[in-house]
Amino acid sequence: MEQDSTNFPLIFSLLTVGMLIMAGSIVLFVAFYQKKMLQEQFKRKQLELDYQQRMMQASMESEENERRRLAGELHDSIGAMLSTIRVGITTVARQIPDPQSLEQPKQMLDDTIQSVRKISRDLMPSTLEKFGFAQAVKELCERFHATSQVPIQYTEKGELKSFDKNRELMLFRVVQELLNNALKHSQGTLINVMVGSEGEQLLVAVEDNGIGFDAEALHLSTDSGRGLGLFNIENRARLLNAKIEYDKTRSSGSKTTLIVPYEKV
Amino acid sequence: MTLEFLMLLGKIQMALSVVIAVLCLYRFKSREKYIRLIGYPFIVGFLCNAAGLLLGKYQLRAFYNVPNFVYVISAFCLFSAAYYHLLNRKYKSLFIALTIGFLAVALLNFFLYQKNSMNSYTYVGEAIVIIIYAILYFYKLLVELPEQHIHRLPMFWINSALLIFFSGTFILYTFTSYLTNVLKDDLIAYWSFHNMLSLFQHLLIIVGLCYDISRLRTNPVAGSR
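Computed from a prediction, not measured in an experiment: that's the story for all the values here.

Q: Looking at this model, I keep getting lost on the sheet that holds strand β3 (residues 201–208) of chain A. Mind explaining?
A: Strand pairing in a sheet is mediated by backbone hydrogen bonds. Such pairs are either parallel or antiparallel. All names here are of chain A. The five strands are arranged β1-β2-β3-β5-β4 in an open sheet whose pairing can be described as mixed. Each edge of the open sheet is held by one strand with a lone partner, namely β1 (152–157) and β4 (243–246). Pairs of neighbouring strands in the sheet enclose a mean axial angle of 15 degrees, with direction left out of account. As paired strands, β4 and strand β5 (residues 254–261) are joined by four bridges and run antiparallel to one another. Across the sheet, residue Y246 finds its bridge partner in β5, namely T256. Its contacts with the sheet put helix α7 (residues 228–239) on β4 and β5, and the angle it makes with β4 is roughly 140 degrees.

Q: Please explain the interface of chain B and chain A as it appears in this structure.
A: Put simply, an interface is often sized by how much accessible area is lost when its parts join up. Taken together, the contact between chain B and chain A spans 27 residues of the former and 21 residues of the latter. The junction of chain B with chain A conceals about 2,200 Å² of combined surface from both sides, 85% of it contributed by carbon and sulfur atoms. On the chain B side of the contact with chain A, L142(B), L145(B) and I171(B) bury the most area, a combined 27% of that side's loss. Applying the counting criterion to the chain B and chain A interface returns zero salt bridges. Put simply, chain B and chain A have zero residue pairs in polar contact (both at pLDDT 80 or more) between them. Counting residues per element, the ones that place at least two in the side of chain B that touches chain A are α5 (120–144), α6 (154–181) and α7 (188–218) of chain B. In terms of residues, the side of chain B that touches chain A owes the most to one element, α6(B), which gives twelve residues. Class assignment of the residues belonging to the side of chain B that touches chain A gives a composition of 22 nonpolar, four polar and one charged.

Q: Which parts of the structure should I look at to understand the pattern of salt bridges?
A: Charged atoms that come close allow side chains of opposite charge to pair. Residues and elements named next belong to chain A. Applying the stated rule across the entire model yields 17 salt bridges over all chains. Put simply, R143 and D122 hold a salt bridge, and the shortest N to O gap is 2.4 Å. Note that R143 is positioned in helix α4 (residues 133–148) and D122 in helix α2 (residues 103–123), a separation of 21 residues in sequence. With its nearest N and O atoms 3.0 Å apart, the salt bridge here joins R250 to E207. Residue R250 is located in the loop between β4 and β5, and its partner E207 is located in strand β3; the two are separated by 43 residues in the primary sequence. Because the salt bridges share partners, they merge into one network encompassing E63, E64, R67, R173 and R236.

Q: How do you make sense of the pairing of β1(A) when you look at a structure like this?
A: On a regular strand, one side chain projects to one face of the sheet and the next to the other, so that they alternate. Residue and element names in this part refer to chain A. One ladder, built from six bridges, connects β1 with strand β2 (residues 191–198); its direction is parallel. Counted as the bridge partner of Q153 is N192 from β2. Note that the unit made of β1, helix α5 (residues 165–185) and β2 has a crossover that is left-handed.

Q: Looking at this structure, I do not really get the packing of aromatic side chains. What am I missing?
A: Where two aromatic rings form a pair, the distance of their centres and the angle of their planes describe that pair. Residues and elements named next belong to chain B. Per the counting criterion, the structure on display carries 18 aromatic pairs over all chains. Summarising the aromatic geometry, the rings of Y123 and Y173 are spaced 4.9 Å apart at their centres and angled 25 degrees between planes, so their arrangement reads as stacked. Here Y123 is found in helix α5, whereas its partner Y173 is found in helix α6, with 50 residues between them in sequence. Plain terms: the ring middles of Y137 and F138 are 6.3 Å apart, the flat faces sit at 45 degrees to each other, and that makes the pair tilted. For Y137, a relative accessible area of 0% puts it in the buried group. Through a chain of ring-to-ring contacts, the aromatic side chains of Y137, F138, F156, W157 and Y211 assemble into a single cluster.

So, how was this worked out
- Residues numbered from 1 in each chain as written.
- Chains lettered and ligands numbered in written order.
- Predicted model: local features only at pLDDT ≥ 70, side-chain atom pairs only at ≥ 80, totals over all residues.
- Heavy atoms only, no water.
- Pairing = 2+ DSSP bridges.
- Helix = DSSP H or I, 4+ residues; strand = E, 2+ residues; numbered from the N terminus.
- Axes fitted to C-alpha atoms, helices over the stretch in contact; angles between N-to-C directions.
- Contact = heavy atoms within 4.5 Å.
- Buried area = accessible area lost by both parts, 1.4 Å probe.
- Salt bridge = Lys/Arg side-chain N within 4 Å of Asp/Glu carboxyl O.
- Polar contact = N/O pair within 3.5 Å; in protein donor to acceptor, adjacent residues only side chain to side chain.
- Nonpolar A, V, L, I, M, F, W, Y, C, P; charged D, E, K, R; others polar.
- Right-handed = clockwise from strand over helix to strand, strands pointing away.
- Phe/Tyr/Trp six-rings, centres within 6.5 Å; stacked < 30°, edge-to-face > 60°.
- Buried < 20%, exposed > 50% of the residue type's maximum accessible area, 1.4 Å probe, protein only.

In structure tokens:
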């Protein structure tokens, strides 16, 4: 009994300390292991995101290649053929007694040639490849103005640097979509397009005085058709490492600003 | 270790129980259910401690066990309910089996085995079950990874507090009967250690509740499991 009473505090202390160490180890293990698991999860998500981004880029590149091919075919094959037909009609018109009778088909052919050129240009703007992004946007504004009759003001600020052709094309598509949206949905009477440089970033802003839109509501919309343009814009922006800002402070109209780093990150 | 020191620890423990109860009752309706459930045992604990002191003062030896019995039963049921909610109402049959088993042991012990001494076997049962709950909750945390900074999760602190307290006191509860009946020890030293662990437990729970309140202030609708 005496032996028991002298040894007991030691046994008790050892067992209790053992239990406490076990409990403390469990707490520490959970704290550290959870951190490690989160890091792993983050890495996995990053890889998935990279993969998705690459897939998206590949899909957009193939889309652009297909557009380029179609534009080329339309311009060089169908366009050339139509031009040849026009020359033929003009020649025939000189040889027949009533050349006026061919005036109407000739006019229709001219319209068709114009349409083919327009489609070809929309599919792949040659100005972009020849003269760069700013000139292509300027031309786009002029074309949209000509077709919609809505005044589109184009302004350029600072010295613009040129960048990778594929990125320029992607950015051009974003501007094209923004202008399209402004014309189709804003009900505005004036559109401003600004392209400028700020440090190592290119700024592109499209602004209108129409009814405005709620980007968050469009994101949350369950209607699969709604917000698709916005979704495409944001996908392209992500591939460009660009930031999109929707001006939420204005009471009327809308302003979307795209901030694109010149250097691809 | 003296009786005065033990009493002092007991009084500090009672004060901290009140602090915990107040922290749990603060903005009661917007608190998560498990926080509300965890608050109650500390209110009951405070009341039972106060009742124990009164019984001691008036030398009502026949009822010495009653406050502790009430406390251990209610604390067990409330902690079980809190863990049941925390574990997404999974393991329902395990919870029911453990609760029924525990209640049976506690009642048998109170009325048959340890009628006139401290119900230490009931405490052993409670400690084992709470340790199981705490480990299950940590397992859930590892599987679900709900938060990047785990220390900001109120339940991480509360669960750690319960795990450490019940692990530390498990051996004491197991040997209480042996100590009092065989070694005839007055338990003051052991019970002082118990109360110190309890203070540590209370402090950890207060840290968790402070995190919960700060979370409540910054994001009133966020869950914090």
